[in-house]
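If you want the building blocks of each chain, they are given just below.
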Amino acid sequence: MPVDLLHPSPVAEASTHKLKRLVQSPNSFFMDVKCPGCFQITTVFSHAQSVVLCGSCNVMLCQPTGGKAKLTEGCSFRKKVD
């Protein structure tokens, strides 16, 4: 079955390595995380390498893993738009 290399499907484009895509783009992003206690919104990097705390109530919002940061239970997030 032939594959169109100039117009790949979005699913195939997302699954390829970030440097082998038709247009190179990073896998990381910034996100707004809402604190479950005080509902304050904090901007967090998706691949944060340190623990992120809420500015007002000092609740842990996310903890680092080997790659993407893991959000604590009860936290909601949305990707920031450019």
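Before reading on, note that the structure itself is shown above.
Parameters at a glance
- Residues numbered from 1 in each chain as written.
- Predicted model: local features only at pLDDT ≥ 70, side-chain atom pairs only at ≥ 80, totals over all residues.
- Heavy atoms only, no water.
- Pairing = 2+ DSSP bridges.
- Helix = DSSP H or I, 4+ residues; strand = E, 2+ residues; numbered from the N terminus.
- Axes fitted to C-alpha atoms, helices over the stretch in contact; angles between N-to-C directions.

Draft legend 1. Molecular detail of the sheet that holds strand β2 (residues 41-45). Read from one edge of the open sheet, three strands run β2-β1-β6, paired in antiparallel fashion. Edge positions in the sheet fall to β2 and β6 (76-79), since each has one partner strand and no second. The sheet shows a mean angle of 30° between the axes of neighbouring strands, taken without regard to direction. In terms of strand pairing, strand β1 (residues 30-34) meets β6 through four bridges, oriented antiparallel. Following the sheet pairing, valine 33 is matched in β6 by phenylalanine 77.

Draft legend 2. Representation of the pairing of β1 in the model. By the bridge criterion, five bridges tie β1 to β2 in an arrangement that is antiparallel. Within the sheet, the bridge partner assigned to methionine 31 lies in β2 and is valine 44. Between the end of β1 and the start of β2, which pair antiparallel, lie six residues, with phenylalanine 39 showing a positive phi angle near 60°.

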